[in-house]
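# Analysis of the macromolecular model
As a plain string of letters, each chain reads:
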Amino acid sequence: MSHADDHYYVPHGSHWPIVGSIGLLFLMVGVSTWLNGAEAGFWVMLTGVAVVVFMLIGWFTTVIGESQGGLYNAQVDKSFRMGMFWFIFSEVMFFAAFFGALFYARNMSIPWLGGSSNNFFTNLLLWEGYESTWPTNGPGDVGGEFEVMPPFGLPLINTAILLTSSVTVTIAHHSLLAGKRGILTTFLALTFILGFAFVFLQAAEYVEAYEHMNLKLTTGIYGSTFFMLTGFHGMHVTIGAIMLTIIWLRVVKGHFTPDKHFAFEAVAWYWHFVDVVWIGLYVFVYWI
Amino acid sequence: MTTAVADAHDSHDDHGPAKGLGRWLFTTNHKDIGTLYLVFSLIMFFVGGAMALVIRSELMHPGLQFVHPEFFNQMTTMHALVMVFGAVMPAFVGLANWMIPMMIGAPDMALPRMNNWSFWILPVAFGILISTLFMPGGAPASGWTMYPPLVLQTGDAFPFLIFSVHLMGLSSIMGAINIIVTILNMRAPDMWLLKMPMFVWTWLITAYLLIAVMPVLAGAVTMLLTDQFFGTSFFLAAGGGDPVMFQHIFWFFGHPEVYIMILPAFGVVSEIIPTFSRKPLFGHDSMVYAASCIAFLSFIVWAHHMFTVGMPLSGQLFFMFSTMLIAVPTGVKIFNWVATMWRGAMTFETPMLFSLAFVFLFTIGGFSGLMLAVAPADIQYHDTYFVVAHFHYVLVPGSIFAIMAAAYYWLPKWTGYMYNETAGKLHFWLSTIFVNLTFFPMHFLGLAGMPRRIPDYSTQFADFNTMASVGAIGFGLSQLVFVYVLLTSKKGVTATARVWEAPKGLEWTVPSPAPYHTFDTPPIARVKQEAFE
Amino acid sequence: MIRKSFLGLPGLIGAGTAKADWALNMPKGITALSAETYDLHMMVFWWCVAIGIIVFGVMIISLFKHRKSAGVQSATFSHSTTAEVIWTAIPCVILLLMAVPAAETMIKLEDSRDPDVSIVVTAYQWKWHYKYQDEGVDFYSSLALPSVDARRKESGIDPYSVDNYLLDVDRPLVVPKGKKVRLLLTSNDVIHAWWVPELAIKRDAIPGIINEAWFRAEETGTFRGQCAELCGKDHGYMPIVVEVVAPDAYQAWVDTRKDGGAQVAQLEN
Ligand code: HEA
Ligand code: HEA
Ligand code: CUA
Ligand SMILES: [Cu+2]
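Residues numbered from 1 in each chain as written. Chains lettered and ligands numbered in written order. Predicted model: local features only at pLDDT ≥ 70, side-chain atom pairs only at ≥ 80, totals over all residues. Heavy atoms only, no water.

With that settled, consider the sheet that holds strand β6 (residues 192-196) of chain C. Picture the strands of a sheet paired through backbone hydrogen bonds; they go either parallel or antiparallel. All names here are of chain C. Strands sit in the order β4-β10-β9-β6-β7 across an open sheet of 5 strands; the sheet is mixed. The outermost strands of the open sheet, each flanked by one partner alone, are β4 (173-176) and β7 (201-205). Within the sheet, the average angular offset between the axes of one strand and its neighbour, ignoring direction, is 25 degrees. Looking at chain direction, β6 and β7 are connected through 5 bridges and run antiparallel. Note that in β7 the partner of H192 across the bridge is A205. (Pairing = 2+ DSSP bridges. Helix = DSSP H or I, 4+ residues; strand = E, 2+ residues; numbered from the N terminus. Axes fitted to C-alpha atoms, helices over the stretch in contact; angles between N-to-C directions.)

This is the structure:
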């Protein structure tokens, strides 16, 4: 333990990355061939997923082992924190692309198709009679008539759920710092339960949209942005909730101390990030 | 868990590299990974270059000689993707891996295992991309810009294209996170941020750009994928989308991307010119500010690639002005290099020669960039060989020359031997002559009206095309001299730790070749001694 | 059968600019705005040359005077705030001098109001369709047959033996001289771009969107251009030919096309 304090821990050799690359190879080739219509591609894809999951478990087990073994000094801890921060920043930019698409559609392409700015003739000659509104499935009425997802039903409940979970995870964090294990386990459990509840309700919303509202991925630009934004967000919530569960298991096993708990904080940051994205979503996709 | 701990234990012993293939597959050593990146990049440079030679052979004379138009377009597309994502970017990441820990006095990169992964994703990505050449419908043929709706006409290669771009993005993002964290967290004590060598600085900014824009590219191609397979309407006007929206998102990535390919080159040149001028870099701090300025501006100029798409007037004017502004900070860099040389005591070893050519020829490329920025004129230049001339001037005698300069500059540090200087100089002169013969005539072709991305052309364009093709073959063959230099790189005289007469920086305080592990403890005294300006 | 033109190159350089088909520079064109564009292009070019002479000049002097082999001792200075302010400020001023006239031209380019003739241009993979809005004339325009034959791989036809190889069409666009012509561009499939250098017009034809462009040709004659946006395998084979004729000749042309035009269009559909 003593040498951890003055040496930056540099692992020598690891086979996990190459396993991960092989997993990705199977995954990507599998999805691609499947999308091209080859049945077998699906199974190749599943193999890839399995290998990637195996890699993630193996890699993280190693890291957790090293961490518990006391190999990481404060500087390593800081590297992890910075790494997580920049990773989240990259995720923010990924969402930015889709939000950008939403803003572009609402403020540029839809008005243009309706004849504004330098697009008088676009409307007159190609889309006569189309008036720009939002939500819309475009002048071609792509996907047919649909209902708009109302902001104050399920989505509002979901907002409440996520906001609450943000509070519970913060309480858990403070309890961790104060060394109150009991409160920590309870509130962390609450957090991931709320997370899964969110995912469940979101799924219910999708079923509702598909079965009763004719609101689909194929419902023009409204359907596209709605499902891509909420879908990617939902995926992130799912991943976040799984990570919370793992962290909870680690807490139960007695990992983390008031001054060493990078993994906990990383997941908490991630959870807050998912939360902030949701607020953006709620405002711009559901509400206004 | 116990094994992990035991494993980790002997890592602190001073051991050398592992034996056999496992060394390269499992390595977490920044020098090994740097080497992997550099070798991969060189291979990709030849693959992409071979594709360029197919293009140039077909264009040698009017009339179709060798390939069908569809295949020609595939070559154009693949050439660009391979060169940009396979050759130039990995080369700079390789240099970063090798040099940054040594330059800042760190024991290794901050996240060594992830470092391995970011490299080993690349062969997968390019394996997938290159395999599309053999698929029904052939490789993607829509240009590296992948504009819809054309890209949606790609055959079976389509999803492979999308996912290989995703993988390239994943690799770049992980590489960039590693570099940022290394620079911010692993510096030796007393290496203040503004003391950092220029190469480290430019890479810090580049890594930031990478993390900011690679995810945006991922988003853009994801939308292509869903438009194609899941019926979304992002790029379909009938559904309320807009094909031009893709171009906005793509260039929001694409323009910073071109600075990603040039900022590290600025860094390399800023290391080399002071060494061979025997004089400190002029205006170190203003160089840092200029690079930051360029990075900032790069986010607000993207639509200069789109002056012909029918943007509203206000948009055109905004993007014209913001683009022109980039000339100012870039000018500061050029002037600083000139001022560094001024009243120095210069010698002209191969790295210096490549750096000097860089300054001359990049500036020419920058000038044509400025001409392109002038919107009404760009309406004439756009999608002609004038643009092709512009970007090859900034990319080939720009980025590629800087990579060559870096390779010659640090090769003795890597191998422990001086390279063959005569061969190096030969490589330089041949490259410089042929690169100009290849790309200078393209300016005339563009102005005279030759569009880009065409396999055949009207007879009035014949002569300059022939010149360019001869130049390209000459330039390609000249690169074989470089391969010769590399193959004989362990045959020369042994290099000293300093290698050159008066280089600055921590990397010159360790022996040549650099030991497998450097700076296990931070070199506090040496930082003080090197007294960075 | 391909002429080894490279062998003739030294001779060509001698003949130089005298040969019309050996253009080095952008054409001045035949509209007021193409001339303005040309002037802008030359102005920026000369600025770049001037800056280049100074920067490269200083560098070259330095390369000769400040070399170690000349026995000089290197100086040690490493910054000068005055110098840095100067070489930040001067480029800013130069850029302003370029930006103002450029903006003026840009504003004129965008003003397509009140045209005399309005033509809807629809791009197809790989041909153009022109529809004169008020005259009731419309037709397709695609690569002329001699080029179609010669362009095939191993066609055995020397491109030099074909007039205007790849730059000729079966039915050119005919427009009147001195009149404001507005193009309304769109596409039926992928993005194309309608470009005629002499008119200084290059505008994308985008499916689902109408883009506008305009010109007023001041000279009669035949002017050639090409599709300028990659649009698939035959992107290199969809040229544009514009014939500018006197207004009365134009009217005569419209009258003959009116009857025959409809039939031709029908035959082609
Ligand atoms: C390394 C890559 C790189 C770099 C550094 C640049 C640098 C610049 N580029 Fe370039 N560019 C590309 C790579 C690059 N570009 C690529 C790949 C494309 C085509 C993509 C595609 O379509 O496939 C492209 C296309 C491109 C276009 C679109 C053309 C078109 O399609 O119509 C434009 C338009 O504005 C442009 C402008 C510029 C400008 C203003 C700079 C400036 O940064 C240059 C600044 C430098 C100088 C000006 C010289 C030095 C300065 C001085 C000596 C100071 C004094 C000077 C003055 C005041 C004039 N570039
Ligand atoms: C960093 C990027 C980079 C680099 C280094 C290069 C390098 C070169 N490029 Fe590249 N090029 C692009 C980026 C780059 N290019 C981009 C982005 C495009 C736009 C694509 C698009 O429109 O979508 C483009 C497009 C492009 C075109 C236009 C194609 C078209 O519009 O249809 C041409 C034509 O001449 C060309 C030529 C060349 C040449 C001759 C080189 C030379 O410098 C290459 C020299 C290297 C070699 C020649 C390798 C040496 C190999 C050998 C000697 C042996 C051969 C090996 C075997 C046979 C196994 N390039
Ligand atoms: Cu039509 Cu290119
Ligand atoms: Cu750009």
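Let's shift gears to helix α6 (residues 157-185) of chain B. In this model α6(B) runs 42 Å from its N-terminal to its C-terminal C-alpha over 29 residues, within 8% of the 42 Å that 1.5 Å per residue would give. Within α6(B), 27 of the 29 residues are buried, which leaves it mostly tucked inside the rest of the structure. (Expected span 1.5 Å × (residues − 1). Buried < 20%, exposed > 50% of the residue type's maximum accessible area, 1.4 Å probe, protein only.)

What follows covers the state of the cysteines. Enumeration over the complete set of coordinates arrives at 0 disulfides over all chains. B:C293 forms no disulfide, and the closest cysteine sulfur to it belongs to C:C92, at a distance of 9.8 Å. For B:C293, a relative accessible area of 37% translates into the label partly exposed. (Disulfide = S-S within 2.5 Å.)

We now examine the pattern of salt bridges. Considering all chains together, one arrives at 15 salt bridges over all chains under this definition. Between A:R81 and A:E265 there is a salt bridge; the shortest N-O distance is 2.7 Å. Taken together, the residues A:R81 in helix α3 (residues 74-113) and A:E265 in helix α8 (residues 262-287) connect sequence positions 184 residues apart. Exposure remark for A:E265: the relative accessible area of 13% places this residue in the buried category. A salt bridge links C:D111 to C:R113; its shortest N-O distance comes to 2.8 Å. You can call C:R113 exposed: its relative accessible area is 58%. Taken together, the shared-partner salt bridges in this structure form one network comprising A:D77, A:R81 and A:E265. (Salt bridge = Lys/Arg side-chain N within 4 Å of Asp/Glu carboxyl O.)

What follows covers the packing of aromatic side chains. All names here are of chain B. Under the counting rule described, the total for this entry stands at 92 aromatic pairs over all chains. Judged by centre distance (5.1 Å) and plane angle (35 degrees), the rings of F444 and F464 are tilted. Taken together, the positions of F444 in helix α16 (residues 421-448) and F464 in helix α17 (residues 462-487) put the pair 20 residues apart, joining distant regions of the chain. By relative accessible area, which is 23% here, F444 ends up partly exposed. (Phe/Tyr/Trp six-rings, centres within 6.5 Å; stacked < 30°, edge-to-face > 60°.)

Once that is clear, we can look at the sheet that holds strand β8 (residues 211-216) of chain C. All names here are of chain C. The mixed open sheet is built from 5 strands, whose spatial order is β3-β2-β1-β5-β8. Of all the strands in the sheet, the pair left with one neighbour each is β3 (137-141) and β8. Adjacent strand axes in the sheet meet at a mean angle of 20 degrees, parallel and antiparallel pairs treated alike. With 6 bridges joining them, strand β1 (residues 117-124) and strand β2 (residues 127-132) adopt antiparallel strand pairing. Residue pairing across strands places Y124 opposite K127, the latter belonging to β2.

This next bit is on the confidence of the model for chain C. All names here are of chain C. Across chain C, the average pLDDT comes to 87, with 88% of residues at or above 70. Ranking the elements of chain C by mean pLDDT puts helix α1 (residues 9-15) last with 38 and β6 first with 97. A low-confidence stretch, residues 1-21 stays under pLDDT 50, and its non-local contacts, those more than four residues away or across chains, total 25 contacts. Interface confidence for the predicted complex, given as ipTM, is 0.94, next to a pTM of 0.94. (pLDDT = per-residue confidence, 0-100. Contact = heavy atoms within 4.5 Å.)

So, on to unusual backbone geometry. Looking along the chain, the bond that leaves B:P148 and enters B:P149 is cis, with omega of 0 degrees. Along the polypeptide, B:P149 turns up in the loop between α5 (112-131) and α6. That bond from B:S512 to B:P513 is cis: its omega, -10 degrees, falls within 30 degrees of zero. Relative to the assigned elements, B:P513 resides in the loop between α17 and α18 (524-530). Of note, C:E154 is a non-glycine position whose phi angle comes to about 55 degrees, a positive value. Within the secondary structure, C:E154 is located in the loop between α4 (145-151) and β4.

Let's shift gears to the interface of chain B and chain A. Facing the 73 residues of chain B at the interface are 70 residues of chain A. Of the roughly 6100 Å² buried at the junction of chain B and chain A (both faces included), carbon and sulfur atoms supply 74%. A:E66 is the partner of B:R113 in a salt bridge, and the nearest nitrogen-oxygen pair spans 2.7 Å. The interface formed by chain B and chain A contains 17 residue pairs in polar contact (both at pLDDT 80 or more). (Buried area = accessible area lost by both parts, 1.4 Å probe. Polar contact = N/O pair within 3.5 Å; in protein donor to acceptor, adjacent residues only side chain to side chain.)

What follows deals with the packing of helix α5 (residues 154-178) of chain A against helix α6 (residues 181-212) of chain A. All names here are of chain A. Closest axis-to-axis distance for the α5/α6 pair is 8 Å, and the angle between their directions is 160 degrees. As judged from the angle between their axes, α5 and α6 are roughly antiparallel. Once α5 is placed against α6, the crossing between them reads as left-handed. Residues that form the contact of α5 with α6 fall into these classes: 19 nonpolar, 7 polar and 1 charged. (Parallel < 35°, antiparallel > 145°, perpendicular 65-115°, else oblique. Left-handed = near helix turned anticlockwise from the far one by under 90°. Nonpolar A, V, L, I, M, F, W, Y, C, P; charged D, E, K, R; others polar.)

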